[in-house]
Amino acid sequence: MADQRIEPILAESVARGATAIPAPVVVVAVRKLGRPRRFGQLLEREHILAAVLLAPTLVILTLFIAYPFVLGIWLAVSDKVVGRPGNFVGLHNFWVNLNDSIFLRAFQNTFVYTFIATILKLVLGMGAALLLNQHFRFKRIVRASMLLPWIVPTVLSTLAWQWMFDATFSVFNWMLMNVGIISQRILWLGDGTLAMGCLITVNVWRGMPFFAITLLAGLQTVNPDLHEAAEIDGANAWQRFWRVTLPLIKPIMLVVVLFSMIATFADFQLIYVLTRGGPYSSTHVFGTYAYEIAMRAAKLGQGASISLTLFPFLLMVIVFQLWYIRRSD
């Protein structure tokens, strides 16, 4: 191979009129052509190649996740407001939060909103997945249409729900009044309890398809022979689901629940568009209340402390579920 690569160099020298090529020139040519490129040689080492491939990802994570997180921690322990630099105040902002009635209401609303919505999405998503796993006509079209609520932009779909919950133009009020169930319009978003129920309803409507499609993928990995064997042994449909199907899809189900809880804990768009934390701050969660304090009241430090309060709870949820998944394996 080396001789074949040297031949063009020798031919070029002869063409220039050289009758003989000095030995040092041949040696240098052999060394240059026989030696691999330095960068290519470095990439042949696995740890260097891995570092090069991971570098863009690490840069993106640093700029858009690590830096904002560290900045949020600094803001949370400072008295930073818009227009002037902040000073270190330690845990003062968190102490102020504990004595704020709206923050305590937002704390309660966040957990109520997250756990009720997640449970409903899991139950309804599992039911939809079991139905979609059956054989029927146009099942592919039905499966594809299931994703529409999840695909539609959150703000756009929430604006449609806001119209449906409107006190004057509510389609629900119109239906209930025509059926004769109610005699006067219901203020769906004018009462704190009803407004929270509306938020949970919209969140379930939007998030249930994700559960359904993901759990459907898990159901299709279950071997039908296991169900046939259980049926032969006398197990009914519920026993087959509880004893055979559920244990096999439990890892997938726990991962979906984990992602859903994280997204629901940090939900902002849906709540802010539908109620903006009202009426009378009764539907504020961590995200919307932190936005009101940081952006509307210009108290960046106080708003960051409200957002950071969510982090320990999310961390505990993630650690517990990952521990449970590994323990189950």
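The text that follows walks through the structure, step by step, so that each part is easy to find. Computed from a predicted structure; not experimentally measured. Each chain has its residues counted from 1, following the order in which its sequence is written. Where local features are concerned, this predicted model is filtered to residues with pLDDT of at least 70; where side-chain atom pairs are given and counted, the filter is 80 or more; whole-chain, interface and lining totals use all residues. The basis for every side-chain value is the complete set of non-hydrogen atoms in the structure, without hydrogens or water.

1. Comments concerning the pattern of salt bridges
- A carboxyl oxygen of Asp or Glu within 4 Å of a side-chain nitrogen of Lys or Arg is what we treat as a salt bridge. On inspection of all chains with the given rule, the structure shows one salt bridge.
- Between Asp-79 and Arg-84 there is a salt bridge, with its nearest N and O atoms 4.0 Å apart.
- For each residue, the accessible area found with a 1.4 Å probe, counting protein chains only, is set against the maximum for its type, and the residue is called buried under 20%, exposed over 50%, and partly exposed in between. Assessed through its relative accessible area of 25%, Asp-79 is described here as partly exposed.
- Residue classification places Arg-84 among the partly exposed residues on the basis of a relative accessible area of 35%.

2. Re the side chain of Asn-97
- Only DSSP runs of H or I reaching four residues or more are called helices, and only runs of E reaching two or more are called strands; each is numbered from the N terminus. If you trace the backbone, Asn-97 turns up in helix H5 (residues 92-98).
- We classify Asn-97 as buried; its relative accessible area is 2%.
- Two N or O atoms form a polar contact when they lie within 3.5 Å of each other; inside protein one atom must be a possible hydrogen donor and the other a possible acceptor, and for residues adjacent in sequence the pair counts only when both atoms belong to side chains. At 2.5 Å, the side chain of Asn-97 forms a polar contact with the side chain of Gln-302.
- Contacts were defined at the residue level, with two residues in contact if any of their heavy atoms lie within 4.5 Å. Setting aside its immediate chain neighbours within four residues, Asn-97 contacts Phe-103, Gln-302, Ser-305, Ile-306 and Thr-309.

3. A few points about the packing of aromatic side chains
- In this scheme Phe, Tyr and Trp rings, the latter by its six-membered ring, pair at centre separations within 6.5 Å, and the angle between planes marks the pair as stacked below 30 degrees, edge-to-face above 60, and tilted otherwise. Inspection of the entire model under this criterion finds 23 aromatic pairs.
- On the numbers, 5.0 Å between centres and 45 degrees between planes, the contact of Phe-107 with Phe-111 is tilted. Taken together, the positions of Phe-107 and Phe-111, both in helix H6 (residues 101-132) and four residues apart, correspond to about one turn of that helix.
- Relative accessible area serves as the criterion here: at 28%, Phe-107 is assigned to the partly exposed category.
- In this structure an aromatic cluster arises from ring pairing among Phe-103, Phe-107, Phe-111, Phe-115, Phe-265, Phe-286 and Phe-313.

4. Some remarks on a nonpolar patch on the surface
- Patch members must show over 30% relative accessible area and no salt bridge, and they are joined within 9 Å when carrying like charges or within 5 Å when they are nonpolar side chains of Val, Leu, Ile, Met, Phe, Trp or Tyr. Reported accessibility uses the Shrake-Rupley method at a 1.4 Å probe radius. Residues are deemed covered only where the shown protein chains occlude them. Residues Leu-54, Leu-58, Val-59, Ile-60, Leu-61, Leu-63, Phe-64 and Ile-65 make up a contiguous nonpolar surface patch of about 810 Å² in total accessible area.
- Structurally, Phe-64 is set in helix H4 (residues 46-76).

5. Here we look at the environment of Leu-274
- Considering the arrangement of structural elements, one finds Leu-274 in helix H14 (residues 269-274).
- Spatially, the C-alpha atoms of Leu-274 and Ala-195 are 8.9 Å apart, while their sequence positions differ by 79 residues.
- Excluding residues within four positions of it along the chain, Leu-274 makes contact with Thr-158, Trp-161, Gln-162, Phe-165, Leu-189, Cys-198, Leu-199 and Val-202.

6. A look at the nonpolar core
- To define a nonpolar core, start from buried Ala, Val, Leu, Ile, Met, Phe, Trp, Tyr and Cys residues and group those joined through side-chain atoms within 4.5 Å. Of all hydrophobic cores here, the largest spans 31 residues; its most connected members are Met-126, Met-146, Met-253, Phe-265, Tyr-289 and Ile-306.
- Elements with a minimum of two residues in this core: H6, helix H11 (192-219), helix H13 (237-265), helix H15 (286-296) and helix H16 (300-328).
- No other element matches H13, which puts nine residues into this core.
- Once residues within four sequence positions are removed from consideration, Phe-265 is found in contact with Thr-110, Phe-111, Thr-114, Phe-115, Leu-310, Leu-314 and Val-317.
- In this structure, Trp-188, Leu-199, Leu-270 and Leu-274 belong to the second largest nonpolar core, which totals 16 residues.

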